[in-house]
Amino acid sequence: MVILWGSNARETHPIFFLHVLKALRNGARLYVIDPRRTSSAQWADRWLGLDVGSDIALANAIGREIIAAGLANEEFISRATTDFEAYKACVEPYTLEYAERETGVPAEAIRELAHAYARADRAQLCWTLGITEHHNAVDNVLALINLSLLTGHVGRYGSGLNPLRGQNNVQGGGDMGAIPNKLPGGNDVEDDAARRPFEEAWGVKIPPKRGMHLSQMFHAMETGDLNALYVIGENPAQSEADMEKALRLLSGLECLVVQDMFLTKTAELATVVLPATAAWCESEGTVTSSERRVQRCRKALDPPEGARDDIEILCELARLLGRNWGEPTAEQVWDELRSLSDWHRGMSYPRLEALHGLHWPCPSEDHPGSPLLHDRLWQDPVGGRPAPFSVVEHDPPVDKLTDEFPIRLTTGRRLESFNTGVQTGGFRSPLHRSESLDIHPSDGARWNVADGEVVRIVSRRGAIEAPVRYDPTLRPGLTFMTFHFQDEIATNILTIDATDPKSGTAEFKAAAIRVEKLPGPADIAAGGLGD
């Protein structure tokens with residue numbers, strides 16, 4: 001059994017979805033939980049179309065039903081977990097009837113999913129940005145982890161939790177320490193013992209406190225506490241929620257350095273632009289997939305004149321700042337990383353070549369790697385700490401629906417495009433079409449707007465204009481846009497920058513809007529535009 005929760009993998013992770021289709025052909029069942037009846041949902045045994053932002057209410061109701069039906073894996077819970085009684089008390093009010101009112105999903109469908117998941121021999125629970133781009137992102141994920149612990153669907157072949165990462169090598173970036181509170185290999189920067197080997201290897205004192213995540217950086221720009229920014233391979237001028245605010249803050253920096261292979265909208269604001277190579281084909285290195293598999297990435301092409309490898313740029317910058325790092329190869333950088341990270345210690349380039357990649361943790365060169373991350377929970381006694389249940393409560397979207405803003409807007413991706421369109425917008429594709437406000441046809445009739453008509457879309461943060469596109473796979477009252485064409489239609493002007501305090505993720509998935517008709521030629525001729 002496969003559950004896609006807040007994931008339209010058919011379009012956003014199409015290679016992964018091919019493996020899902022193979023599973024379906026072999027008899028697996030697919031359940032899709034998503035506000036939209038996506039192209040992924042069209043392959044599902046059942047689609048649960050929940051209201052945006054009601055994921056915890058649904059997850060807690062599933063958990064309550066599993067417990068009430070006597071389907072919880074009591075042996076696993078007692079041996080491998082903690083805090084079950086607190087969780088049980090938390091979910092008790094989340095009856096099927098309550099969940100139906102809060103989520104819009106029929107009670108019968110919730111019950112079916114709960115029983116199917118609990119009874120499945122093997123089950124994977126997969127999620128992506130539909131779960132994490134909310135003001136309570138971490139709590140959403142914890143609610144799903146609770147379900148896996150309740151049923152024992154974790155740490156076994158074919159059963160587990162599968163967060164589908166939003167971009168290529170996001171996993172690898174985090175593993176290398178591109179997280180405010182972590183050093184490479186998951187070492188906590190606030191842990192003196194974990195920090196010490198890095199200080200000895202690098203010959204510097206590392207500040208013993210976590211840094212700022214992206215949302216905190218923008219807050220610091222607003223308060224004047226951050227006035228210089230170094231951006232590598234990102235386009236926050238167009239990818240951040242409340243885009244007008246992001247542009248204002250980026251434009252007000254004293255120094256903005258952008259290192260990229262494209263002259264992005266962020267780069268256009270920069271004090272200095274450092275042209276970089278296309279790492280996937282013009283550099284040596286490694287890439288880490290969502291399953292923690294580290295693979296070699298080999299240089300195939302020389303970069304164009306003027307572009308330089310990221311390692312070369314960083315080492316030259318270090319030299320100008322007074323630190324001579326030499327001219328290390330990608331393998332030498334990797335070997336330094338291996339000497340400091342227990343996760344990667346056994347992953348030499350020759351082993352990665354010979355074995356076509358290895359899963360971390362791989363602590364020694366005779367270790368086979370770890371395809372299963374949480375199999376320790378099935379050891380007797382449990383290896384390491386038991387897994388805790390978490391008490392999380394339903395917390396609706398910050399941007400409330402009102403008479404002034406009565407319509408829910410959610411955002412996402414389409415198959416042929418990527419993020420803000422920097423990499424894909426310049427290519428012609430038969431799948432490309434311009435941005436639109438997708439609505440259910442019944443809403444079009446109710447709002448008196450035709451398919452293809454350009455309308456004004458207003459949120460509490462700003463307004464844009466876009467053509468309407470009728471989409472019968474949406475539910476009435478729910479609209480959808482992508483952020484792939486920000487130069488033409490800046491969707492992120494509408495989205496709210498309410499952020500999850502634990503992860504710093506903005507609530508891209510839940511904006512409140514209204515739709516306004518634009519005056520036609522007859523209105524203009526009659527003076528409908530005012531003076």
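Residues numbered from 1 in each chain as written. Predicted model: local features only at pLDDT ≥ 70, side-chain atom pairs only at ≥ 80, totals over all residues. Heavy atoms only, no water.

## Description of the packing of helix α3 (residues 55–68) against helix α7 (residues 107–119)
- Running from amino to carboxyl end, α3 crosses α7 at an angle of 60°, the nearest separation of the two axes being 9 Å. Considering how the two elements wind past one another, α3 and α7 form a crossing that is right-handed. Packed against α3, whose contacting residues are Leu-58, Ala-61, Ile-62, Glu-65 and Ile-66, the element α7 presents Ile-110, Arg-111, Leu-113, Ala-114, His-115, Tyr-117 and Ala-118 at the interface.
- Grouping the amino acids of the contact of α3 with α7 by side-chain chemistry returns nine nonpolar, one polar and two charged. (Axes fitted to C-alpha atoms, helices over the stretch in contact; angles between N-to-C directions. Helix = DSSP H or I, 4+ residues; strand = E, 2+ residues; numbered from the N terminus. Left-handed = near helix turned anticlockwise from the far one by under 90°. Contact = heavy atoms within 4.5 Å. Nonpolar A, V, L, I, M, F, W, Y, C, P; charged D, E, K, R; others polar.)

## Overview of the domain arrangement of the chain
- For the chain, the assigned domains are domain 1 (2–164), domain 2 (170–359) and domain 3 (407–525).
- Between domain 2 and domain 3, the C-alpha centre-to-centre distance is 32 Å.
- Residue-level contacts link 14 residues of domain 2 with 18 residues of domain 3.
- On the domain 2 side of the interface with domain 3, the three residues burying the most area are Gln-238, Ala-241 and Asp-242, jointly 36% of the side's total.
- Taken together, the connections running from domain 2 to domain 3 amount to one salt bridge.
- For the salt bridge of Lys-245 with Asp-497, the shortest nitrogen-to-oxygen distance reads 3.0 Å.
- Applying the counting rule to domain 2 against domain 3 returns eight residue pairs in polar contact (both at pLDDT 80 or more). (Domains from an automatic or database assignment. Buried area = accessible area lost by both parts, 1.4 Å probe. Salt bridge = Lys/Arg side-chain N within 4 Å of Asp/Glu carboxyl O. Polar contact = N/O pair within 3.5 Å; in protein donor to acceptor, adjacent residues only side chain to side chain.)

## A closer look at the sheet that holds strand β11 (residues 272–275)
- Spatially, β9-β10-β11 is the arrangement adopted by the three strands of the open sheet, whose pairing is parallel. Sheet topology places β9 (228–232) and β11 at the edges, where each strand pairs with a single neighbour. Adjacent strand axes in the sheet meet at a mean angle of 10°, parallel and antiparallel pairs treated alike. (Pairing = 2+ DSSP bridges.)

## Re the pattern of salt bridges
- All chains considered together, the criterion is met by 35 salt bridges.
- One salt bridge connects Asp-399 with Arg-460, and the closest N-O pair in it is separated by 2.7 Å. Of this pair, Asp-399 sits in the loop between β15 (387–388) and β16 (407–412) while Arg-460 is found in the loop between β18 (454–459) and β19 (463–470), placing the two residues 61 residues apart along the sequence.
- Overall, the relative accessible area of 2% leaves Asp-399 in the buried class.
- Three or more residues are tied together by salt bridges with common partners; here these are Asp-192, Arg-195, Glu-199 and Lys-205. (Buried < 20%, exposed > 50% of the residue type's maximum accessible area, 1.4 Å probe, protein only.)

## A look at the packing of α3 against helix α5 (residues 84–91)
- Contact pair α3 / α5: the axes reach a minimum separation of 9 Å and the direction vectors enclose 110°. Regarding the angle of α3 to α5, the classification is roughly perpendicular. Note that α3 runs across α5; the crossing there is left-handed. Residues Ala-59, Asn-60, Gly-63, Arg-64 and Ile-67 of α3 form the contact with α5, whose own contacting residues are Phe-84, Tyr-87, Lys-88, Cys-90 and Val-91.
- Residue classes in the contact of α3 with α5 are distributed as six nonpolar, two polar and two charged. (Parallel < 35°, antiparallel > 145°, perpendicular 65-115°, else oblique.)

## With respect to the pairing of strand β2 (residues 30–33)
- Here β2 shows a buried face lined by Leu-30 and Val-32 and a second buried face lined by Tyr-31 and Ile-33.
- For β2 and strand β3 (residues 46–48), the ladder comprises three bridges, and the chain directions are parallel. Bridge pairing links Tyr-31 to Arg-46 in β3.

## Regarding the nonpolar core
- Grouped together as the largest cluster of nonpolar side chains are 52 residues, with contacts concentrated most on Met-1, Ile-3, Trp-5, Ile-62, Ile-66 and Leu-150.
- If we ignore the near neighbours within four places in the chain, the residues touching Ile-62 are Trp-5, Ile-110, Leu-113, Ala-114 and Leu-147.
- Trp-447, Val-449, Ala-466 and Ala-490 belong to the second-largest nonpolar core, a separate cluster that totals 20 residues. (Core = buried A, V, L, I, M, F, W, Y, C linked by side-chain atoms within 4.5 Å.)

## What about the environment of Thr-473?
- The residue Thr-473 is located in the loop between β19 and β20 (478–482) in this model.
- On the basis of relative accessible area, Thr-473 is assigned to the partly exposed category, the value being 23%.
- In sequence terms Thr-473 and Lys-209 are 264 residues apart; their C-alpha atoms lie 47 Å from each other.
- A distance of 2.7 Å separates polar atoms of two side chains, one belonging to Thr-473 and the other to Asp-471.

## Remarks on the sheet that holds strand β12 (residues 285–288)
- Read across the open sheet, the three strands follow the order β12-β13-β14; overall the sheet is antiparallel. Of all the strands in the sheet, the pair left with one neighbour each is β12 and β14 (358–359).

## Some details on helix α11 (residues 192–202)
- Ala-194, Arg-195, Phe-198 and Glu-199 are the residues of α11 that are buried. Looking down the long axis of α11, one finds its buried residues gathered within 130° of arc, a one-sided arrangement. Residues of α11 that are exposed and point over 90 degrees away from its buried face: Ala-193 and Glu-200.
- Elements that come into contact with the buried residues of α11 comprise β7 (182–183), β8 (187–188) and α18 (330–340).
- Positive phi appears at Gly-203, one or two residues downstream of α11, with a value of about 70°. (Arc of directions from axis to C-beta.)

## Considering the packing of aromatic side chains
- One pass over the structure, following the stated rule, counts six aromatic pairs.
- On the basis of an interplanar angle of 25° and a centroid distance of 5.0 Å, the ring pair of Tyr-87 and Phe-389 is categorised as stacked. On the criterion of sequence distance, the pair formed by Tyr-87 in helix α5 and Phe-389 in the loop between β15 and β16 is long-range, its members being 302 residues apart. The same class applies to Tyr-87 as to Phe-389, namely buried.
- Ring centres 5.3 Å apart and planes at 65° place the aromatic pair Phe-198 and Trp-202 in the edge-to-face group. Placement of both Phe-198 and Trp-202 in helix α11 is noted, with a separation of four residues, approximately one turn of the helix. (Phe/Tyr/Trp six-rings, centres within 6.5 Å; stacked < 30°, edge-to-face > 60°.)

## A few points about empty space enclosed by the protein
- The tally for this structure, following the rule as stated, stands at two cavities of 30 Å³ or more.
- Here the largest cavity defines a volume of roughly 300 Å³.
- Surrounding the largest cavity, 24 residues form its lining, Gly-6, Asp-34, Gly-130, Thr-411 and Lys-509 being those nearest its centre.
- The set of elements that each furnish at least two residues to the lining of the largest cavity consists of α8 (129–132) and β16.
- Considering only residue class, the lining of the largest cavity consists of six nonpolar, 13 polar and five charged.
- Considered as a void within the structure, the second largest cavity measures approximately 30 Å³ in volume.
- Ile-3, Ile-62, Leu-113, Tyr-117, Leu-125 and Leu-147 are the residues that line the second largest cavity.
- Considering only residue class, the lining of the second largest cavity consists of six nonpolar, no polar and no charged. (1 Å grid on protein atoms, 1.4 Å probe; cavity = no way out; pocket = protein on both sides within 12 Å on 5 of 7 lines; lining within 4 Å. Points joined across faces, edges and corners; volume = space filled by probe spheres on them.)

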